[in-house]
Every structure is written in structure tokens, then in C-alpha cells.
Amino acid sequence: MIRAENVHKFYGELHVLKGVNLHVAPGEVCAILGPSGSGKSTLIRCFNELEEISAGRIYLNGELLGMKEASAPWWQPWRKGQTELAKLTEKEIARQRSQIGMVFQRFNLFGHRTALENVMEAPLRVLGLKPEAAKKLAIAELEKVGLGDRLDHYPAQLSGGQQQRVAIARALAMKPQVMLFDEPTSALDPELVGEVLQVMQDLAAEGMTMVVVTHEIAFAREVADRVVFMDDGQIVESGPAKEVINNPQHSRTKEFLAEVL
Ligand code: ADP
Ligand code: MG
């Protein structure tokens, strides 16, 4: 579903991703662990085309992200029949991005809109659904995350855990092929973490393909199929979740797990 091949990312001189290779199969839940600053957020922001990669390729369901094969330009007749990579237009990138749901640490809901209006927004504007259809869809997604009785609440009237569940419903309303989560519970009070993890676990059980950056080791062990450990812009260890967490091989993974467990 997602295939990253030798992905590099520079911010100016700073080499943040140093040749990342990652395959996520359909229906797989992949947890990304690693210390702060190791490039986890950057990697999944690249998956969502919020960042442009400096080298390498990323495919979503076989389709190259951000670029396409183009034939050599007419003014270079000596290159006739050759192809090169061309950047996609903003519109084409927006279409690709709409297939990928993303949930951030901070929920970024529209404060002056109700839960229902927040979830309806993208189906109305991006998918072009009629208001009635968007409303029906939004209600279904909010019910799915257990907020069927909070449709008309504004974000300020909801707990952090409820707001994050609205954010998940909002992403799901676009019927994405993949869901990306960047530390979705890190900003929550401890007593609200469980309800968000439960929604994510239900989503995983339904077969959603998910990439989850998290420090919730128990969640990674129980829910993820695979764990990837990043350090200094590279994947240093990857394998079945229980194996990597219970029996890490790389010294950096061992140190990290010893600190967080
Ligand atoms: P993580 O999510 O694992 O904590 P990040 O992907 O956020 O790591 O960051 C990796 C590195 O890239 C860090 O050194 C960070 O300071 C740097 N970085 C992230 N975003 C930017 C940016 N927009 N401009 C410059 N440097 C950045
Ligand atoms: Mg991060």
C-alpha cells in the first residue's frame, strides 16, 4: 500500500532522512518508534506530501507520489522516446493527498464549527458531496468513533480525547486508503489516552492500513503487526511487533525501549 524506496530529505544542510526503505502491506498496521528528532514526523509528512522528498520514491498503491513519468520535451528531439520524472501539479497532489488520512498530535479542528461541521467540511469541499450526503457520512463516521451524541458540540465543549476522535472521524470521512497518525495521544491527559487508542484498535481490526508514530509501547506491541525503529534518519530495526519490542537486537532500540518501558 505504501512503498518508500531510498527516501532522502534535507532541510538545507540538515540530512534528516538518510535512505529510508519501508513497505506497508494492505491492512497492515506499522508502528514507528524512535527518539525525538530521529525523523519520524518528517517521514510520515512525506507520505502525505506535506514535505517534498529530496531523493528516492514513494508509491501509494502502486502510484508514484508527487511525480509522474513524462516523455522528454519536444525541444529535445534527441531524447525522443525517453521518459523523465516531472513534478505533479498542486491539483494532482491534492488528489493524491485526499487518499491519505492524517491525524496529528494537535487536533487542528475548526474552533467555530461543530463536530459535525468539522467532519462534513472535506467531503463537501474536496469530494463535492451534496450537503445531505455529507451530513449522513459525517454522522456515520462520528458514530463510529463513539461521538454520535456530540454532533452539535464545539471543540471547546469536548475533552481532548473527544476532539482527537473527531479528528479521526474527519480523516475517515474522506475514505482514505491509508491512515497516518503522528503521536495522536501525546498531547492528551493520561486518562484520555485509552479512548483514542481504542478507536485506533477498532480501525485496525477492520483492516485499515495504518502507519502510527507512537510512544505507546503497549499499543505498538498489541495492535501493530510490525514495528519500525528509527534513529538518526534511518530505520535501524524492523520486524514483527512483539519480536522487536520483546527482544530488540540493535543497541539503539534496546536503549530506547529501556528508557520508555
Ligand atoms: P521526530 O518526529 O522523530 O521527533 P522530526 O521528523 O520532527 O523528528 O525531525 C527530524 C529532524 O529534522 C530534527 O532535527 C528537526 O529539528 C528537523 N526538522 C524537522 N522539521 C524541520 C523543518 N521544517 N525545517 C528544518 N528542520 C526541520
Ligand atoms: Mg515527531
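These figures come from a predicted structure and were not determined experimentally.

Rules used throughout
Residues numbered from 1 in each chain as written. Chains lettered and ligands numbered in written order. Predicted model: local features only at pLDDT ≥ 70, side-chain atom pairs only at ≥ 80, totals over all residues. Heavy atoms only, no water. Helix = DSSP H or I, 4+ residues; strand = E, 2+ residues; numbered from the N terminus. Contact = heavy atoms within 4.5 Å. Near = heavy atom within 4 Å. Polar contact = N/O pair within 3.5 Å; in protein donor to acceptor, adjacent residues only side chain to side chain. Areas by Shrake-Rupley, 256 points an atom, 1.4 Å probe, with all protein chains shown as cover. Nonpolar A, V, L, I, M, F, W, Y, C, P; charged D, E, K, R; others polar. Pairing = 2+ DSSP bridges. Axes fitted to C-alpha atoms, helices over the stretch in contact; angles between N-to-C directions. Parallel < 35°, antiparallel > 145°, perpendicular 65-115°, else oblique. Left-handed = near helix turned anticlockwise from the far one by under 90°. Salt bridge = Lys/Arg side-chain N within 4 Å of Asp/Glu carboxyl O. Buried < 20%, exposed > 50% of the residue type's maximum accessible area, 1.4 Å probe, protein only.

Engineer: Give a detailed account of the side chain of Thr114, specifying residues and quantitative values.
Structural biologist: Tracing the backbone shows Thr114 in the loop between β8 (100–103) and α3 (115–125). The contact partners of Thr114, leaving out residues within four places of it in the chain, are Leu151, Asp152, His153 and Tyr154.

Engineer: Describe in detail the site of ligand 1, supporting the description with residues and values.
Structural biologist: Around ligand 1 sit Tyr11, Leu14, Val16, Pro35, Ser36, Gly37, Ser38, Gly39, Lys40, Ser41 and Thr42, and those are all the residues in its vicinity. A distance of 2.8 Å separates an oxygen atom of ligand 1 from a polar atom in the side chain of Ser41. Coverage of ligand 1 by the protein chains reaches 58% of its 560 Å² of free accessible surface. Those elements that provide at least two residues to the shell around ligand 1 are β2 (14–24) and α1 (40–47). With 3 residues, α1 is the single largest residue contributor to the shell around ligand 1. Taken together, the residues that form the shell around ligand 1 break down as 4 nonpolar, 6 polar and 1 charged.

Engineer: Give me the lowdown on the sheet that holds strand β5 (residues 63–64), citing residues and values where you can.
Structural biologist: Judged by pairing direction, the sheet is antiparallel, and its 4 strands sit side by side in the order β2-β1-β4-β5 without closing on themselves. This sheet does not close on itself; its edge strands, each paired only once, are β2 and β5. As paired elements, strand β1 (residues 2–11) and β2 share 8 bridges and run antiparallel to each other. By the bridge assignment for β2, Ile2 is matched with Val24. The sheet contacts of α1 involve β1, β2 and β4 (55–60), and relative to β2 the element is tilted by about 60 degrees.

Engineer: Any chance you could break down the packing of helix α4 (residues 131–144) against helix α5 (residues 160–172) for me, citing the residues and the numbers?
Structural biologist: In contact at an axis separation of 9 Å, α4 and α5 are set at 135 degrees when each is read in the N-to-C sense. One finds that α4 runs oblique with respect to α5. As for how α4 packs across α5, the hand of that crossing is right-handed. Residues Glu141, Leu142 and Lys144 of α4 form the contact with α5, whose participating residues are Val166, Ala169 and Leu172. Classifying every residue of the contact of α4 with α5 gives 4 nonpolar, no polar and 2 charged.

Engineer: Tell me about the pattern of salt bridges, residues and numbers included.
Structural biologist: This structure, assessed with the given rule, holds 18 salt bridges. For the salt bridge of Lys175 with Glu141, the shortest nitrogen-to-oxygen distance reads 2.7 Å. Placement of the pair is Lys175 in the loop between α5 and β9 (178–182) and Glu141 in helix α4, with a sequence separation of 34 residues. Here Glu141 falls in the buried class, since its relative accessible area comes to 4%. Salt bridges sharing partners connect three or more residues here, namely Lys9, Arg45 and Glu51.

Engineer: Tell me about the pairing of β9, residues and numbers included.
Structural biologist: Among the 5 residues of β9, 5 are classified as buried, and the element is accordingly described as predominantly covered. Neither face of β9 is open: one carries Val178, Leu180 and Asp182, the other Met179 and Phe181, and all of them are buried. Bridge count for β8 against β9 is 4 bridges, and the pairing is parallel. In the sheet register, Val103 faces β9, and the bridge partner there is Phe181. Inspection of the sheet shows β9 paired to strand β10 (residues 209–213) by 5 bridges, in the parallel sense. Paired with Val178 across the two strands is Thr209, which belongs to β10.

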